[in-house]
Amino acid sequence: MPVIRLENICKTYSYYEHGVDRLLEILTKRRHHEEFIALHPLNLHIENGQVIGIIGNNGAGKSTLLKIIAGTLKPDNGLCEVTGRVSALLELGGGFHPDMTGRENVYLNGTMMGLTIPEIDQIYQTIVEFAGIQEFMDHPVKTYSSGMFVRLAFAVATCVEPDILIVDEALSVGDGAFARKSFNRIMQFKQAGKTILFCSHSMYQIEAICDRVIWLEHGQIKMDGVPSSVVSAYTESLSQNTNAQLQANTTPVENTPVVASSQIVEGTAKIKEVSVTVDGMTDKKLDVFSLRSELCITVKFSSDISLPSPTVGILIINADGRFITSAGTQHDGLPIQRDSNGIATVRVTFPKLALLKGEYWVDIFLLCENAIHVYDHASTVATLNVRQKGLEQGVVSLPRQWAQI
Ligand SMILES: Nc1ncnc2c1ncn2[C@@H]1O[C@H](COP(=O)(O)OP(=O)(O)OP(=O)(O)O)[C@@H](O)[C@H]1O
C-alpha cells in the first residue's frame, strides 16, 4: 500500500500586478490577475521505504509538489493522502517563528508534528547537540545566521523520528562539518527503511542515494523510473540546452591551482593542489593526441584526520556539458594513506588516452569515504584539446578485435 497517494493533484498560482488588483477583482467581479499553472493534474504513488529523487529545471514544480505532500500548500484539486509523520526541510526557517527562541521553536515544531511535551523533553538535548548551537537556544531565531537556521531546522526535522522525510538538498546540508553530519543522517534514514523524498540539482547525489527518480518538466511528470535511466535522459536533455550556457559560465582556472590552504576545519576536507599534465607538459590548455598521449592528474588534499580518509574523483566533461567518463579512488579500490596532518596526494594516469577529437574539461571532486558526500570540487582544472588521426567518429575509441567469419 502506498504511503503517499496523489490523484489528479494540480496547482495554479495567481499573480496580481498591483496590491489593489485583488480588491478590484472582488468589487468589479472581473479578472485582474494572471495565472500560472505550476502543476498539471498529476498522479503519483510512493511505497513505504522508497527513496525518491525529484529532479527538473528551475520552476519545474518540484517545491510545489513537495510542499503539497508536506501539507504546507493546498492543491487546487485532487486527492493527496499521506500516511505517517512527515518532516520537511523545504523553506529556510519555514515553520519557525522569528520572535520565538530556538528552544520555543523546537517545542512549537514538535507539537505541530504531533509530539507530546514529555516526548519533546526526551529528544530536546539530542536536537541541541546535533544542531551544535547550544549557547543560542535561548535567543530569538530572527538573530540566527542562515547556517544556524539550517542546523536547527535539520536537527528538528530528523530527530522527531518521521516516517517520511522530505529534503531540499540545498537547504539540508549547510556547510563544513555539518554538511557531512547531515548527509550521514539522511543515509541513516535510508538504511532504517524510511521513505525519503530528496530534491537536488546534483545528479551524482540523486543517483547515489535514490532508488527511484521522478523528473518534472513544466509541472508534469516527464519520466519516472530507475535513477540511471531517468538521470541520463535528464542530463541528455540538459546537454542539448546548456552548451552555450556552460561556455559562458565556466572560467577555466589555472592548472596547478592552489584551491585551498592551511588549516582544515573539523569535519571537512579540501583540495589543496591539482596538477594536470599531458606527456609531461603542464598548461591551462593541453594538446592531446588521441590513443597516444598520456594524461596524468595529481591531486593533493588536506582533511580532518579524525575522520576516514576522503576519496578522490575525476570527471571528464565535453563541450556540450556531457559527462564523458569518470574515475574514483573508492570505485577503483585505492586505499589512501594520509600523513599525521590528514594530507595525502594521489595520482591517476590514463595511458594512451582513448578520447576522440574535441574539447574536454577536467573536474576534480573530493568526496567522503563512501564517495557520496562532496567535500570540495575544483571545476575545469584543465582543458584538453584532443586531436586524432583518421576519421573515427564519436567521443571515445573502444578497444576491439575484428575477425572475418
Ligand atoms: N507562491 C507562489 N506564487 C506565485 N508563483 C509561484 C509561487 N511559488 C512558485 N511559483 C511559480 O511556480 C513555478 C514552480 O515553482 P517551484 O518552486 O515549484 O519550482 P521548482 O521546480 O521547485 O524550482 P527551483 O528548482 O527553482 O526551486 C515557478 O514558475 C514559480 O515561479
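Residues numbered from 1 in each chain as written. Predicted model: local features only at pLDDT ≥ 70, side-chain atom pairs only at ≥ 80, totals over all residues.

- The protein is annotated in an unreviewed UniProt entry as ABC-type polysaccharide/polyol phosphate transport system, ATPase component of Beggiatoa alba B18LD.
- Database annotation for the protein, UniProt heading Sequence similarities (unreviewed entry): "Belongs to the ABC transporter superfamily." (UniProt positions renumbered as here; feature names shortened; annotations may be inferred.)

**Focus on the domain arrangement of the protein**
Point 1. Each domain of the protein was delimited in the assignment, giving domain 1 (2-241) and domain 2 (269-387).
Point 2. If you average the C-alpha positions of domain 1 and of domain 2, the two centres end up 34 Å apart.
Point 3. At the interface, nine residues of domain 1 touch seven residues of domain 2.
Point 4. Looking at the side of domain 1 that touches domain 2, the elements with two or more residues in it are helix H7 (176-191), helix H8 (203-209) and helix H9 (227-249).
Point 5. Considering only residue class, the side of domain 1 that touches domain 2 consists of five nonpolar, three polar and one charged. (Domains from an automatic or database assignment. Contact = placed C-beta atoms within 7 Å. Helix = DSSP H or I, 4+ residues; strand = E, 2+ residues; numbered from the N terminus. Nonpolar A, V, L, I, M, F, W, Y, C, P; charged D, E, K, R; others polar.)

**Thoughts on the site of the ligand**
Point 1. Residues in contact with the ligand, as listed here, are Tyr-13, Phe-36, Ala-38, Gly-56, Asn-58, Gly-59, Ala-60, Gly-61, Lys-62, Ser-63 and Thr-64.
Point 2. If you list the elements that add at least two residues to the shell around the ligand, you get strand S2 (34-47) and helix H2 (62-70).
Point 3. A per-class count over the shell around the ligand returns four nonpolar, six polar and one charged. (Near = placed C-beta within 6 Å.)

**Some thoughts on the pairing of strand S17 (residues 358-367)**
Point 1. Of all 10 residues that make up S17, seven are buried, and the element is covered over most of its length.
Point 2. Bridge count for strand S14 (residues 311-318) against S17 is eight bridges, and the pairing is antiparallel. Counted as the bridge partner of Val-312 is Leu-366 from S17.
Point 3. Where S17 and strand S18 (residues 374-387) come together, nine bridges link them in antiparallel fashion. (Buried ≥ 20, exposed ≤ 12 C-beta atoms within 10 Å, placed from the backbone. Pairing = 2+ DSSP bridges.)

**Overview of the packing of helix H3 (residues 102-112) against helix H4 (residues 117-131)**
Point 1. Running from N to C, H3 and H4 cross one another at 130°; their axes reach a closest spacing of 11 Å. One element, H3, and the other, H4, form an angle in the oblique class. For the pair H3 and H4, the crossing hand works out as right-handed. Of the residues in H4, those touching H3 at Val-106, Tyr-107 and Gly-110 are Ile-120, Tyr-124 and Ile-127.
Point 2. Here the contact of H3 with H4 is composed, by residue class, of five nonpolar, one polar and no charged. (Axes fitted to C-alpha atoms, helices over the stretch in contact; angles between N-to-C directions. Parallel < 35°, antiparallel > 145°, perpendicular 65-115°, else oblique. Left-handed = near helix turned anticlockwise from the far one by under 90°.)

**Points about the pairing of strand S8 (residues 212-217)**
Point 1. As paired elements, strand S3 (residues 51-55) and S8 share four bridges and run parallel to each other. Following the sheet pairing, Ile-55 is matched in S8 by Trp-215.
Point 2. As paired elements, S8 and strand S9 (residues 220-225) share five bridges and run antiparallel to each other. Each bridged residue has a counterpart across the sheet, and for Ile-214 the counterpart in S9 is Asp-224.
Point 3. Between the end of S8 and the start of S9, which pair antiparallel, lie two residues, with His-218 showing a positive phi angle near 45°.

**As for the packing of H4 against helix H5 (residues 146-159)**
Point 1. Two elements in contact, H4 and H5, have axes whose closest approach is 8 Å; the angle formed by their N-to-C orientations is 140°. Put simply, H4 runs oblique to H5. Between H4 and H5 the crossing geometry is right-handed. Across from Ile-123, Thr-126, Ile-127, Phe-130 and Ala-131 in H4, the residues of H5 making contact are Arg-151, Leu-152, Ala-155, Val-156 and Cys-159.
Point 2. In the contact of H4 with H5, the residues fall into eight nonpolar, one polar and one charged.

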